[in-house]
Amino acid sequence: SREESELAEDSLFGGAVTNLSGGVTAVYSSGEKNGLTNFALAKSQPYSALKPLSVYTPALEKGIINWATPIIDSPFKQIKDEKGVLTDWPTNSNGKYTKQNIPIGDALRDSVNTVSVRTLDKLGAKNSLDFLKNSFGLDLIDEREKLKSSGEEEIYGNLAMGYLIKGVSPVDMAGYYSIFANGGKYVKPCAVNSITDSNNKSVYLAKLEQKQVISEQTAYIMNRMLNAVVTRGGT
């Protein structure tokens, strides 16, 4: 969201596009820091872009929610701020709570943090971690260690609001999102399909293997909901 993008340090941005075969068709990078210029491959916190992958998709796949499931938009709990004062958590981007039930589809469209956290609470943080690892090979080791030492609620913000400790690259995120356009199939992004020598002999051929990670039905539902994000009124 715009609010989250304003947190980006020194306006460093990276982006990527992949096709349904896993090929990286475009990358974008802006800015430079410590000699690094390719921010399409640099890991950063994905913020709300992670919610569809870490929360809503696995919850749909397990039958915990559907697109119209109502979830209350209210604080999940209270935590102490830097001054030791109890404050409501999580906060929404507009700083307000409706204190009303919101359908999952609307919550995704509006990127409502409270609903994402409450949905993750129904799903379970471990189930979310397992889904990301089993589907994409994304093993969030730091989050797993924090879960073991401090409990599931301590990584709700990491998974339900995208505050990953080590982050994820735009290229990888583009690959993860392709499952929604690909009927639930995942292909790890690849920038080079093949290499041939001067005699046109193949010296390298990428293994672009498709893996069915969610059902076609779940992919269809997520597509319909994500469409609302990029239409008028969406975030």
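This structure is a prediction, so every number in the text was calculated from the model and none was measured. (Residues numbered from 1 in each chain as written. Predicted model: local features only at pLDDT ≥ 70, side-chain atom pairs only at ≥ 80, totals over all residues. Heavy atoms only, no water.)

J.: Mind laying out helix α6 (residues 141-150), listing which residues take part and the relevant values?
T.: Listed as buried for α6 are Glu143, Arg144 and Leu147. Burial along α6 is one-sided: seen end-on, the buried residues are contained in an arc of 105°. Turned more than 90 degrees away from the buried face of α6, the exposed residues are Ile141, Lys148 and Ser149. Elements that come into contact with the buried residues of α6 comprise α5 (125-136) and α7 (156-160). Downstream of α6 by one or two residues, Gly151 has phi in the positive range, about 100°. (Buried < 20%, exposed > 50% of the residue type's maximum accessible area, 1.4 Å probe, protein only. Helix = DSSP H or I, 4+ residues; strand = E, 2+ residues; numbered from the N terminus. Arc of directions from axis to C-beta. Contact = heavy atoms within 4.5 Å.)

J.: Describe the pairing of strand β9 (residues 202-205), naming the residues involved and giving the relevant values.
T.: Each regular strand displays side chains that alternate between the two surfaces of the sheet. Sheet analysis places strand β8 (residues 194-196) next to β9, joined by three bridges and oriented antiparallel. Its bridge partner being in β9, Ser194 is matched across the sheet by Leu205. The hairpin turn running from β8 into β9, its antiparallel successor, is five residues long, and Asn200 in that turn takes a positive phi close to 65°. (Pairing = 2+ DSSP bridges.)

J.: Could you give an account of the environment of Leu50, naming the residues involved and the relevant values?
T.: Mapped onto the elements of the fold, Leu50 is located in the loop between β2 (24-30) and α2 (51-61). Each C-alpha atom of the pair Leu50 and Gly162 lies 5.3 Å from the other, and the pair is 112 residues apart in sequence. In contact with Leu50, not counting residues within four places along its chain, are Val55, Asn158, Leu159, Gly162, Leu164 and Met173.

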